[in-house]
Amino acid sequence: MRSLIWNIIAVTTVVLSTVLFEVGFVAPRDAFFIAFTVLAIYTGNQLLARENQPLGQAFASIFMKPASHSSSVGYVSALVVGGLSTLVVAQVLTFS
């Protein structure tokens, strides 16, 4: 249950901050901080869950192997958090 709540909070935070950044209500530096922080914490949490795997395999299982997650919500949230956070970070670094 805790995992489901964490996934919902992470996705909601990233989606909301991305939309507000794209509309112009959030400054680029704030959007970068939010996106990077959520991405780092989320990825770190996922890597801790796969601590017995080599780093390359752990990253591959997070983003490319849906069966490695406890539910489909976990896999979709990993894709959403990873994709939108990377989009915001790339836009801020490119255009600012």
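Remember, predicted model here, so these are calculated numbers, not experimental data.

1. So, a nonpolar patch on the surface
Side chains of Met1, Leu4, Ile5, Ile8, Ile9 and Val73 sit close together on the surface and give an oily, nonpolar patch of about 570 Å² of accessible area. When residues in the nonpolar patch are grouped by element, the largest group, 4 residues, is from helix α1 (residues 2–23). Relative to the helices and strands, methionine 1 resides in the segment before α1. Classification of methionine 1 by relative accessible area gives exposed; the value is 74%.

2. Regarding the packing of aromatic side chains
Applying the stated criterion to the full structure yields 2 aromatic pairs. When the centroid spacing of 6.2 Å and the interplanar angle of 20° are considered together, the rings of tryptophan 6 and tyrosine 42 count as stacked. Of this pair, tryptophan 6 sits in helix α1 while tyrosine 42 sits in helix α2 (residues 28–49), placing them 36 residues apart in sequence. Look at tryptophan 6 and you get partly exposed, because its relative accessible area is 26%.

3. Remarks on the packing of α1 against α2
The description of two packed helices rests on the angle between their axes and on the distance between the axes. Across the interface, α1 lies against α2 with an axial gap of 10 Å and an inter-helix angle of 160°. Of the possible angle classes, the one that applies to α1 and α2 is roughly antiparallel. The chirality of how α1 crosses α2 is left-handed. Across the interface between the two elements, Trp6, Asn7, Ala10, Thr13, Val14, Ser17 and Phe21 from α1 touch Pro28, Ala31, Ile34, Val38, Ile41, Tyr42 and Asn45 from α2. A breakdown of the residues in the contact of α1 with α2 according to their chemical character gives 10 nonpolar, 4 polar and no charged.

Procedures and definitions
- Residues numbered from 1 in each chain as written.
- Predicted model: local features only at pLDDT ≥ 70, side-chain atom pairs only at ≥ 80, totals over all residues.
- Heavy atoms only, no water.
- Patch = residues over 30% accessible without salt bridge, like charges linked within 9 Å, V, L, I, M, F, W, Y side chains within 5 Å.
- Areas by Shrake-Rupley, 256 points an atom, 1.4 Å probe, with all protein chains shown as cover.
- Salt bridge = Lys/Arg side-chain N within 4 Å of Asp/Glu carboxyl O.
- Helix = DSSP H or I, 4+ residues; strand = E, 2+ residues; numbered from the N terminus.
- Buried < 20%, exposed > 50% of the residue type's maximum accessible area, 1.4 Å probe, protein only.
- Phe/Tyr/Trp six-rings, centres within 6.5 Å; stacked < 30°, edge-to-face > 60°.
- Axes fitted to C-alpha atoms, helices over the stretch in contact; angles between N-to-C directions.
- Parallel < 35°, antiparallel > 145°, perpendicular 65-115°, else oblique.
- Left-handed = near helix turned anticlockwise from the far one by under 90°.
- Contact = heavy atoms within 4.5 Å.
- Nonpolar A, V, L, I, M, F, W, Y, C, P; charged D, E, K, R; others polar.

Remember that the coordinates give geometry; whether it matters functionally is a separate question.
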